[in-house]
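The chain contents come next:
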Amino acid sequence: MELVEVPHHEFMESPSSWLTRVAFRQVVSPRELARYLDLNIRVDCEMTLARGSFEDLATRVAKSAGSSTMVDSVMNRLRKIDPNGERYLLRHRSIAYHRFCAACLATDKTKYFRLEWRFKCWRWCPIHSCLLRERCPHCNKVVMLPGDMYSAGPEGLGIATLDRCLHCAELLTTGWMEFVDSLADDVTTPWEQVLIRNGRSALAALANGRLCIEGEQKSYGLSQLRKIERLGYLPHVNFRLTHDELIRRQNGESHVKRAMTN
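Residues numbered from 1 in each chain as written. Predicted model: local features only at pLDDT ≥ 70, side-chain atom pairs only at ≥ 80, totals over all residues. Heavy atoms only, no water.

Q: Is there a simple way to explain the nonpolar core in this structure?
A: One broad trend across soluble globular proteins is that nonpolar side chains are buried collectively. Counting residues in hydrophobic clusters, the biggest one holds 62 residues, and the most contacted among them are Met75, Leu78, Phe113, Trp117, Phe119 and Leu225. Per-element accounting of this core gives the leading share, five residues, to helix H5 (residues 68–81). Other than its neighbours up to four places away in sequence, Trp117 contacts Leu90, His98, Arg99, Phe100, Cys101, Cys104, Leu105, Tyr112, Trp122 and Leu132. (Core = buried A, V, L, I, M, F, W, Y, C linked by side-chain atoms within 4.5 Å. Buried < 20%, exposed > 50% of the residue type's maximum accessible area, 1.4 Å probe, protein only. Helix = DSSP H or I, 4+ residues; strand = E, 2+ residues; numbered from the N terminus. Contact = heavy atoms within 4.5 Å.)

In structure tokens form, the structure reads like this:
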């Protein structure tokens, strides 16, 4: 199989998102493409490729590395503190999945999933000031990539772009405009705001190799990031503020919202 019209790797695109789009252009499933490229991507594509060089793969397949060098940097540093990705990466029943910003998907010229959307600690979009969505707004399924775009949907008719759900083929971006700038202080607690900022700092540390803490001039190594995570200072497992919870608070349906206003 000779690869044709291989799509460009978008800025900080997750490897599983890019391979999904590459497979679609070849009219094959990601599994078939993986066999051709001699890759094992059954459980977690990002961690599989982190054990090698995504830059080398992208250059070999697309003749252009794109931003794959930055992806390699983040994932290589992640492996130093979380070798299997179990503590930092999103998984549903042991299978990797992405959260997503509906506004980003709606406004992107090329629809793709960011690497940061794979991380437990990355809860919000700093561009659109909204929480990431956990599931499709229509069928309530999580987005598991890589996925077969060519045969996606309930009738297997496929989808053309990644702003549609691989399960039901409906738009993941439904109602996106009403959620832009929805993360206001009056519906979040101060501690939730701290944890959200910490999550962004954690990704910055993985990108830059040093952890910067707000209000301190000194920076720290990645070992400090591991300590912060274990102490519960990242928005991981016990963080309750999801996109759906935010909507409930805005509608006055959450006991957290009522407690905040009493």
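Q: Any chance you could explain the pattern of salt bridges here in plain terms?
A: Working definition: two side chains of opposite charge can pair if their charged atoms are close together. For the structure shown, the criterion picks out 11 salt bridges. Across the pair Arg87 and Glu229 runs a salt bridge whose closest N-O atoms are separated by 2.9 Å. Separated by 142 residues along the polypeptide, Arg87 in the loop between H5 and strand S1 (91–92) and Glu229 in helix H8 (residues 222–230) bring together distant segments of the chain. The closest approach of N and O atoms between Arg249 and Glu245, which form a salt bridge, is 2.9 Å. Residue Arg249 and its partner Glu245 are located together in helix H9 (residues 243–250), separated by four residues, close to a single helical turn. Residues joined in a network through salt bridges with shared partners are Asp44, Glu46, Arg91 and Arg118. (Salt bridge = Lys/Arg side-chain N within 4 Å of Asp/Glu carboxyl O.)

Q: Is there a simple way to explain the environment of Ser129 in this structure?
A: By the element assignment, Ser129 lies in the loop between strand S3 (124–125) and strand S4 (130–131). Placed 28 residues apart in sequence, Ser129 and Cys101 show a C-alpha to C-alpha distance of 9.8 Å. Excluding residues that lie within four positions of it along the chain, Ser129 makes contacts with Trp124, Phe179, Asp181, Ser182 and Leu183.

Q: What should I look at first to understand a nonpolar patch on the surface in this one?
A: Residues Trp191, Leu231 and Tyr233 make up a contiguous nonpolar surface patch of about 330 Å² in total accessible area. Along the chain, Leu231 turns up in the loop between H8 and H9. (Patch = residues over 30% accessible without salt bridge, like charges linked within 9 Å, V, L, I, M, F, W, Y side chains within 5 Å. Areas by Shrake-Rupley, 256 points an atom, 1.4 Å probe, with all protein chains shown as cover.)

Q: Explanation requested: the side chain of His9 in the structure shown.
A: Counting through the fold element by element, His9 comes out in the segment before helix H1 (15–26). His9 sits in the buried class, given a relative accessible area of 1%. Among the polar contacts listed, one links the side chain of His9 to the backbone oxygen of Glu13, at a separation of 2.9 Å. (Polar contact = N/O pair within 3.5 Å; in protein donor to acceptor, adjacent residues only side chain to side chain.)

Q: Sorry if this is basic, but what is going on with the packing of H5 against H8 here?
A: The geometry of H5 relative to H8 is characterised by a closest axis approach of 10 Å and an angle of 65° between their N-to-C directions. Crossing angle aside, the handedness with which H5 passes H8 is right-handed. Residues Arg77, Lys80 and Ile81 of H5 form the contact with H8, whose own contacting residues are Leu222, Leu225 and Arg226. Along the lines of polarity and charge, the residues of the contact of H5 with H8 split into three nonpolar, no polar and three charged. (Axes fitted to C-alpha atoms, helices over the stretch in contact; angles between N-to-C directions. Left-handed = near helix turned anticlockwise from the far one by under 90°. Nonpolar A, V, L, I, M, F, W, Y, C, P; charged D, E, K, R; others polar.)

Q: Hey, could you run me through the packing of aromatic side chains in this one?
A: Two measures describe an aromatic ring pair: the distance that separates the ring centres and the angle between the ring planes. Per the counting criterion, the structure on display carries four aromatic pairs. A centroid spacing of 5.6 Å and a plane angle of 80° characterise the contact between Trp18 and Phe54, whose relative ring orientation is edge-to-face. One end of the pair, Trp18, is in helix H1; the other, Phe54, is in helix H4 (residues 54–62), and 36 residues separate them in sequence. A centroid spacing of 6.1 Å and a plane angle of 85° characterise the contact between Trp191 and Tyr233, whose relative ring orientation is edge-to-face. Here Trp191 is found in helix H7 (residues 190–208), whereas its partner Tyr233 is found in the loop between H8 and H9, with 42 residues between them in sequence. Taking the relative accessible area as the measure of exposure, Trp191 reaches 46% and is therefore partly exposed. By relative accessible area, Tyr233 is classed as partly exposed at 36%. Here the aromatic residues Phe100, Phe113 and Trp117 are joined through ring pairs into a cluster of three or more. The aromatic ring of Tyr112 is capped on one face by Arg114, whose charged end is 4.2 Å from the ring centroid. (Phe/Tyr/Trp six-rings, centres within 6.5 Å; stacked < 30°, edge-to-face > 60°. Lys NZ or Arg CZ within 6 Å of the ring centre and 35° of its normal.)

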